[in-house]
Each structure stands twice: as C-alpha cells, then as structure tokens.
Amino acid sequence: GDYKAILSRPDVDAVVIATPDHWHLQMTQEALAAGKHVYVEKPMTHRWEDGEAFISAVEKSGKVLQVGSQYMSMGAAQKAADFIKSGRLGQVTLVEGRFHRNTATGAWYYPIPPDASPTTVDFKSFLGSAAPRDFDLRRFFQWRLFWDYSGGLPTDLFVHIVTATHQLMGVQEPESVFSFGDIYHWKNYREVPDQMTSMVKYPEGFVLRLSSTASNGHPGPLLTVYGSEGTLEYTGSSFKYYYEPRTEAFGYSTHSWPKATTARFKQLMNLTDNLTPLDGPATAEPVEYKSSDEDSTRAHVRNWIDAIRTGGKPIEDVRFGHHAALVGHMCNLSYKAGK
C-alpha cells in the first residue's frame, strides 16, 4: 500500500516505477536516495522542467537508472541504425513516425472494476502532488485522459517514435516543434487530444513528422526514413530498404519543345526514347531484415539488470530518457500555445 515500505527494505536492490507520470520524479528521487537502482517507465518526466532533477539525482546516487521505452531494445534497432549510418540511404531529410489506435482502451478509456470505491481506492495518495480533486474513479483508472497526470499522445505514444528516431539517427534533441491537435472523436470527458500531428526540426538537417490518432488502426511501419538514395521502413523488429536513387525523366519538362530540338537534346544527354538517361542507376530488390531476438520489453529489463550487475551503462540512460520525453513536452507546449 505504501511504496516507502519497499524502499526501506534492505533486501530490495532495485525497483520498477510504473506509476502515473506525475509520480515518477518523487519516487525516483526517493528510490535513488535509498540506494536502489531504478527502472522508470516512459515518459520519464511529467514536466520538461523536471529533467535536470532526474539527472542530478542519478549522478548523485551512482545507481543505474533505465528509462522504460522498450523501442531502444528492439531486435532490429542496432542493425537499422548501422544501416542508416552506412550512408546507403544517402542524405536523410525526412523521417515519418506514426502510432495509431482505434479502440476505447487504446484511447485510454480503461475499464473501471465494479468493486472500486472510496474504501478500495486510495484516491488522496494517487493525487500526490497533483491538484486536489473530489473522488473520481475515472481520474484514477483512466488517468492518461487528464493533464494533471499525463501528457497525452505526445508523451505516451510519440515518445516511442522519438526514442526510435533518436536511436536510429544518432541525435539528441530538436531545435523547434510545431503541433496541431484536438479532441475529434472521443469527446466524453477527456482533456488531452485524441489526435495530434507535430513537425519536429532537428539541427542535424532533417524533419520528423509525428502523427497519432485514436480513431484509426491502419497498420504500418513505426518509422519511414526517406533518403536521397532510398527509403527504409522500420517496425522495431524488422526493417525493409528500398533502393530508390535519383532518376531524371525529361519528358514532362520538354514536351512542348519542337521535335528537332528534343531529338538534339536526347542525343546530347544520352537519353532513351522516353527521355530518361541510358546510363541510369540499376534497379535492386528490397533489402529486408527480420529479427528473431527476444521480446523487446524483456530485453530492455535484462539490459538494466546486466548494467546493475556489471556496473555498466544502461541502453536508455537518464539523459536519453529526458531528451525523448522533452520532444513530447515541446509538442504539448506548441499545441497549447498555438505557436
């Protein structure tokens, strides 16, 4: 009933914090101060301002903190990152990420147990540092619908996409974000949008386009990475690369020329009858990789435990987790401010 009782136990070496977002900072600080290693679920932060407090607490403690976005431990993650780093995609200027759902539970209307009541739910403890509220089972069981405890789509779902993007592209944080969102479909008592689209600009020279809706479940890759030499579709456990180099076709831009001029141009440029280069790039079959590695959440937790045992660094440390959540907070700041 009280997490402090767990932290006081000397036989407990490490804890997993999977509470609502607004409890993450306090529980992490107290766990680290009690000498425990910490696995804290994504998003690490409920407010962007809390990132430095997390970093300070970890550095002071010397303990291992793993942030829980299992996309860091997906089976195809490292191979996809190496593939992009190899340059086979050419210059990447656009990355698209999507995470859609089309169910009530996917929209966070989690079922409320029929025996839930003031005698079985410690609502005051749940609120913690959040604003005082009258007893409300919807806020307790469906907390992701409310700003007091959640950052909505950007910090619950975008954070997975951002984590994967930062890992694959080798970047840390963006320079600017712009967001559009609203409550379009699930209008019953929620506060956070059920649809959000954001454009995230990175100083490394590319834009990440994020989208999530709670009223469509069309399948597709988590990420699509567009480069000047090809396209990579990434799911986490697999990726598929399409070799698509630049190919010129002059038919559209020369169709109004006199036939003699077109013929001369064709000769000078060494073109086919369709006005495409005779020495154009060769075609190639798509390259596909599918991982047979263990479940990503299991792998992510195992990485944390290995780091504890060896004194190593976890795959998603406190700074990486801060920067991934930071993008979600920037999306919400833009949405709320309209700029």
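Cut-off values and rules
- Residues numbered from 1 in each chain as written.
- Predicted model: local features only at pLDDT ≥ 70, side-chain atom pairs only at ≥ 80, totals over all residues.
- Heavy atoms only, no water.
- Helix = DSSP H or I, 4+ residues; strand = E, 2+ residues; numbered from the N terminus.
- Buried < 20%, exposed > 50% of the residue type's maximum accessible area, 1.4 Å probe, protein only.
- Contact = heavy atoms within 4.5 Å.
- Axes fitted to C-alpha atoms, helices over the stretch in contact; angles between N-to-C directions.
- Parallel < 35°, antiparallel > 145°, perpendicular 65-115°, else oblique.
- Nonpolar A, V, L, I, M, F, W, Y, C, P; charged D, E, K, R; others polar.
- Salt bridge = Lys/Arg side-chain N within 4 Å of Asp/Glu carboxyl O.
- Arc of directions from axis to C-beta.
- Pairing = 2+ DSSP bridges.
- Phe/Tyr/Trp six-rings, centres within 6.5 Å; stacked < 30°, edge-to-face > 60°.
- Lys NZ or Arg CZ within 6 Å of the ring centre and 35° of its normal.

**As for the environment of F180**
1) Next: Topologically, F180 is positioned in strand β5 (residues 176-182).
2) Next: What makes F180 exposed here is its relative accessible area of 60%.
3) Next: On a C-alpha basis, the gap between F180 and G217 in space is 20 Å, while along the polypeptide they are 37 residues apart.
4) Next: Setting aside chain neighbours within four positions, we find F180 in contact with Q195, M196 and T197.

**Focus: the packing of helix α4 (residues 77-85) against helix α7 (residues 152-169)**
1) Next: It is the contact of α4 with α7, at a shortest axis distance of 8 Å, that shows an interaxial angle of 50 degrees. Relative to α7, the element α4 lies oblique. Of α7, the residues touching α4 (which contributes A77, A80, A81 and I84) are Q167, L168 and M169.
2) Next: Class assignment for the residues of the contact of α4 with α7 results in 6 nonpolar, 1 polar and no charged.

**Focus on the pattern of salt bridges**
1) Next: In the structure shown here, the tally under the stated rule is 18 salt bridges.
2) Next: The shortest N-O distance in the salt bridge between D156 and R144 comes to 3.0 Å. With a gap of 12 residues between them, D156 in helix α7 and R144 in the loop between α6 (137-141) and α7 connect regions that are remote in the sequence. In this structure, D156 and R144 share a single accessibility class: buried.
3) Next: Three or more residues joined by partner-sharing salt bridges are found here, namely R133, R139, D148 and E191.

**Concerning α4**
1) Next: Residues A77, A80, A81, F83 and I84 constitute the buried set of α4. End-on, the buried residues of α4 take up no more than an arc of 160 degrees, which puts them together on one face.
2) Next: Where α4 is buried, its residues touch α7, β8 (223-227), β9 (230-234), β10 (238-243) and β11 (287-290).
3) Next: One or two positions beyond α4, positive phi appears at G87, with a value near 90 degrees.

**Overview of the sheet that holds strand β3 (residues 65-68)**
1) Next: A sheet is described by the order of its strands in space; here 3 strands give the open sequence β1-β2-β3, paired in parallel fashion. Two strands bound the open sheet, and with one partner strand each, they are β1 (14-17) and β3. Put simply, the sheet's adjacent strands are angled 15 degrees from each other on average, direction ignored.
2) Next: In this structure, β1 lies alongside strand β2 (residues 37-41), joined through 4 bridges in parallel fashion. Paired with I17 across the bridge in β2 is V40.

**Looking at the packing of aromatic side chains**
Centre-to-centre distance and the angle between the planes together describe a pair of aromatic rings.
1) Next: Applying the stated criterion across every chain yields a total of 17 aromatic pairs.
2) Next: Summarising the aromatic geometry, the rings of F126 and F140 are spaced 5.2 Å apart at their centres and angled 70 degrees between planes, so their arrangement reads as edge-to-face. Here F126 is found in helix α5 (residues 123-127), whereas its partner F140 is found in helix α6, with 14 residues between them in sequence.
3) Next: Of the residues examined, F140 reaches a relative accessible area of 25% and is grouped as partly exposed.
4) Next: Among the aromatic residues, those joined into a cluster by ring pairs are F123, F126, F135, F140, F141, F146 and Y149.
5) Next: The ring of F146 carries R139 above its face, with NZ or CZ at 4.4 Å from the centroid.
6) Next: Across the ring face of W147, the terminal group of K336 is positioned such that the distance to the ring centre comes to 3.9 Å.

**Observations concerning the sheet that holds β5**
1) Next: Strand order in the open sheet formed by 8 strands is β5-β6-β7-β4-β8-β9-β10-β11, and the pairing between neighbours is mixed. At either end of the open sheet lies a strand with only one pairing partner, and these are β5 and β11. Adjacent strand axes in the sheet meet at a mean angle of 10 degrees, parallel and antiparallel pairs treated alike.
2) Next: One ladder, built from 5 bridges, connects β9 with β10; its direction is antiparallel.

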